[in-house]
Amino acid sequence: NAGVTQTPKFRILKIGQSMTLQCTQDMNHNYMYWYRQDPGMGLKLIYYSVGAGITDKGEVPNGYNVSRSTTEDFPLRLELAAPSQTSVYFCASSEGQAHYNEQFFGPGTRLTVL
Amino acid sequence: QQPVQSPQAVILREGEDAVINCSSSKALYSVHWYRQKHGEAPVFLMILLKGGEQKGHDKISASFNEKKQQSSLYLTASQLSYSGTYFCGTASSSGGYNKLIFGAGTRLAVHP
């Protein structure tokens, strides 16, 4: 099993550009999450999904959108990139509800907005 | 609301012990502990659940005081491999079963 994979590993965007961060898991997990981690800080939940077709906002959803059309994929969309979105983005998945289950993290995408 | 971790940083020599604390103002369902090495993804250590159940690595020791909404992670006889940043994540009654809120982290450096 590859676990949770993310692409790209690194990306530099100009202000106002858009991009999609890809996340795929091969563990058949229903629950998936997107976090951002600013330098020297903890993880902030952006969006999460409890299954295909079902998504909900986390702590910091503004400026992002998600979709979940399959169990495996959970892409994160940035529509109008801003310098405040410079961060490392981690995707994670869990077999069941977050309160009771281990989360498996992908390797992260390091995004810089200039 | 974000749980508060203390201390912010710890420096140890190999073989020494450390305690990392996590405190919340919310009633908690569970507390989760993760370790992150520099430039890598967080890795699961353990879950402590309301009612006393624990899930995770046998070699990691932790406690959860439900009444005080506090958890502590005990690192004994530290090894160089213990170095990294430790995060607690909490699931609370206000946040629901589907979200974890993470603390800002405790940086641990273990030196020979």
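First, a word on what this report is: a plain description of the structure on this page. (Residues numbered from 1 in each chain as written. Chains lettered and ligands numbered in written order. Predicted model: local features only at pLDDT ≥ 70, side-chain atom pairs only at ≥ 80, totals over all residues. Heavy atoms only, no water.)

Once that is clear, we can look at the overall build of chain B. If you tally the helices and strands in chain B, you get zero helices and 11 strands. Along chain B, from the amino end to the carboxyl end, the secondary structure elements read β-β-β-β-β-β-β-β-β-β-β. For 112 residues, the compact-globule estimate of 2.2 N^0.38 gives 13 Å, and chain B sits close to it at 13 Å. Taken along its principal axes, the extent of the C-alpha atoms in chain B is 45 × 25 × 20 Å. (Helix = DSSP H or I, 4+ residues; strand = E, 2+ residues; numbered from the N terminus. Rg over C-alpha atoms; globule rule 2.2 N^0.38 Å.)

To continue, consider the sheet that holds strand E3 (residues 19-25) of chain A. In sheet architecture, strand pairing relies on hydrogen bonds along the backbone and comes in two forms, parallel and antiparallel. Residues and elements named next belong to chain A. Reading across from one edge, E1-E3-E8-E7 is the order of the four strands in this open sheet, with antiparallel pairing throughout. Lying at the two open borders of the sheet, with one neighbouring strand each, are strand E1 (4-7) and strand E7 (64-66). Along the sheet, successive strands turn relative to each other by an average axial angle of 20°, direction set aside. Here E1 runs beside E3; their pairing, made up of four bridges, is antiparallel. (Pairing = 2+ DSSP bridges. Axes fitted to C-alpha atoms, helices over the stretch in contact; angles between N-to-C directions.)

Position of A:Tyr48 among the secondary structure elements: in strand E5 (residues 43-51). In this structure, the C-alpha to C-alpha distance between A:Tyr48 and A:Val4, residues 44 residues apart in sequence, is 15 Å. Non-local contacts of A:Tyr48, meaning those with residues more than four positions away in its chain, are made with A:Met32, A:Tyr33, A:Ile54, A:Thr55, A:Asp56, A:Lys57, A:Phe74, B:Asn98 and B:Lys99. (Contact = heavy atoms within 4.5 Å.)

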